[in-house]
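Examining the three-dimensional arrangement
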Amino acid sequence: KIDDINVLTGVIKSFLTNLADPLLTSLLSEDFKDAAEKSSLNHVYDCVARLPHENRHTLAFLIIHLQKVSDSEHCKMPRSNLARVISPTLVSAVPMTDMETAVKDSKRCTKVIETLLSLPPSYWSNIMSPSDECSTGYSAEDPATPGTPEMLRVQPGIYQPPTPTNKDSTITQRVFGTRKKAFFNKFEG
């Protein structure tokens, strides 16, 4: 049992920081930022659906957890502060050219996480549903989420299932394969 919550949160944040590509992927981060800025929930749902399977499920689990944390009576941080703290590890930031650009982009990254935290828990639970391994989180029956056949189609090339040629590109292989020792050696005495 871990008595110090800071150790656990530090390990999670370290895991997310050490990913080769952020959880919301470099490829989709600008789309996420634009969708959050425009408050376009359909665009946000589309961005989440376009994430690789592993990223989408990890994000769903993390968002559900953060929603529970923020709703807890023991949590002294509102969702906006949680978003501010976790956004640099989840969203790809633009290269820092000047302070003004960095501050604006930081606010955009935070807005992305605030938007994701505002989506209903049922949406995230639907993504993690064991009944549909490739679930996108869309449901035609749930009015809180869009559900058209066009939106449910997986875009070609967005996610490639592991094969012998691209097996090393999955998050699991990157983290628990060649990088396993380096990652866990940080925490050994």
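Just so you know, the residues in each chain are numbered from 1, in the order the chain's sequence is written. Local features in this predicted model are restricted to residues whose pLDDT is 70 or higher, and side-chain atom pairs enter the listing and the counts only when it is 80 or higher, whereas totals over whole chains, interfaces and linings include all residues. Hydrogens are left out, water is left out, and the side-chain values use all remaining heavy atoms of the structure.

**Structural notes on the overall build of the protein chain**
Within the protein chain, the secondary structure is distributed over 10 helices and 0 strands. The cut-offs for exposure are 20% and 50% of the maximum accessible area for each residue type, with area from a 1.4 Å probe on protein chains only; residues under the lower value are buried, those over the upper are exposed, and the others partly exposed. Counting over 189 residues, the protein chain shows a buried share of 36%. Counting contacts in the protein chain only where the partners sit at least 6 residues apart, residues at least 24 apart contribute 66% of the total. With residues, only the protein chains shown are counted as cover, and all accessible areas are computed by Shrake-Rupley using a 1.4 Å probe. Here the protein chain displays about 11400 Å² of accessible surface, and carbon together with sulfur accounts for 58% of that area. Secondary structure follows DSSP: runs of H or I at least 4 residues long count as helices, runs of E at least 2 residues long count as strands, and numbering of each begins at the N terminus. Any pair of residues with heavy atoms lying within 4.5 Å of one another is described as a contacting pair.

**Let's talk about the packing of aromatic side chains**
Note on ring pairs: Phe, Tyr and Trp rings are taken, using the six-membered ring of Trp, and paired if centres are within 6.5 Å. Classes follow the plane angle, with under 30 degrees stacked, over 60 edge-to-face and the rest tilted. Summed over the entire model, instances satisfying the criterion amount to 2 aromatic pairs. Measuring from centroid to centroid gives 4.9 Å for Tyr123 and Trp124, while their planes differ by 75°, and the two rings are edge-to-face. Chaining the aromatic ring pairs together yields one cluster made of Tyr45, Tyr123 and Trp124.

**Focus: the pattern of salt bridges**
For this document, the term salt bridge refers to a Lys or Arg side-chain nitrogen within 4 Å of an Asp or Glu carboxyl oxygen. Summed over all chains, the structure comprises 9 salt bridges. Its salt-bridge partner being Asp34, residue Arg108 comes within 2.8 Å of it at the nearest N-O pair. With a gap of 74 residues between them, Arg108 in helix α6 (residues 99-118) and Asp34 in helix α2 (residues 26-37) connect regions that are remote in the sequence. Residue classification places Arg108 among the buried residues on the basis of a relative accessible area of 16%. Look at the salt bridges and you will find they share partners, linking Glu30, Lys33, Asp34, Glu37, Asp105 and Arg108 into a network.

**So, the confidence of the model for the protein chain**
pLDDT is defined as a per-residue confidence score from the predictor, taking values between 0 and 100. Averaged over all residues, the pLDDT of the protein chain is 74; the fraction at 70 or higher stands at 66%. Of all the helices and strands in the protein chain, helix α8 (residues 149-152) carries the lowest mean pLDDT, 39, while helix α3 (residues 41-50) carries the highest, 94. Confidence over residues 132-181 falls short of pLDDT 50; this stretch has 67 contacts with residues more than four positions distant or in other chains.

**Topic: the layout of surface pockets**
One number sums up the size of the largest pocket: a volume of about 670 Å³. The rule is simple: put a 1 Å grid over the protein atoms alone, call a set of points where a 1.4 Å probe fits but cannot get out a cavity, call an open set with protein on both sides within 12 Å along at least five of seven lines a pocket, and count a residue as lining if it has an atom within 4 Å of a point. As for the largest pocket, its lining consists of 19 residues, of which Thr9, Ile12, Leu62, His65 and Leu66 are closest to the centre. Of all the secondary-structure elements, those providing two or more residues to the lining of the largest pocket are α1 (5-17), α4 (53-71) and α5 (79-90). The element contributing the most residues to the lining of the largest pocket is α1, with 8 residues. In this count, Pro and Cys sit with the nonpolar residues alongside Ala, Val, Leu, Ile, Met, Phe, Trp and Tyr, while Asp, Glu, Lys and Arg are called charged and the others, Gly among them, polar. Per-class residue counts for the lining of the largest pocket are 13 nonpolar, 5 polar and 1 charged. Grid points are joined across faces, edges and corners, and a volume is the space filled by probe spheres set on the points.

**Some points on α6**
For a helix, the expected span equals 1.5 Å multiplied by the number of residues minus one. Taking 1.5 Å per residue as the helical rise, α6 with its 20 residues ought to reach 28 Å, and the 29 Å between its terminal C-alpha atoms agrees with that figure. Lining the buried residues of α6 we find α2, α3, α4, α5 and α7 (121-127).

**Description of unusual backbone geometry**
Positive phi, close to 55°, is recorded for Thr25, a residue that is not glycine. Unlike most non-glycine residues, Ser39 shows phi in positive territory, near 55°. On the secondary structure map, Ser39 appears in the loop between α2 and α3. Using a relative accessible area of 55% as the deciding quantity, one classes Ser39 as exposed.

**Things to note about α2**
Compared with an ideal rise of 1.5 Å per residue, which puts 12 residues at 16 Å, α2 spans 17 Å between its outermost C-alpha atoms and is within 8% of the ideal. Turning to α2, its buried residues are Leu28, Ser29, Phe32, Lys33, Ala35 and Ala36. In a view along the axis of α2, the buried residues occupy a sector of 165°, so they form one face of it. Lining the buried residues of α2 we find α3 and α6. Directly after α2, the chain includes Ser39, whose backbone phi takes a positive value near 55°. Working note: the arc is built from the helix axis to C-beta atom directions.

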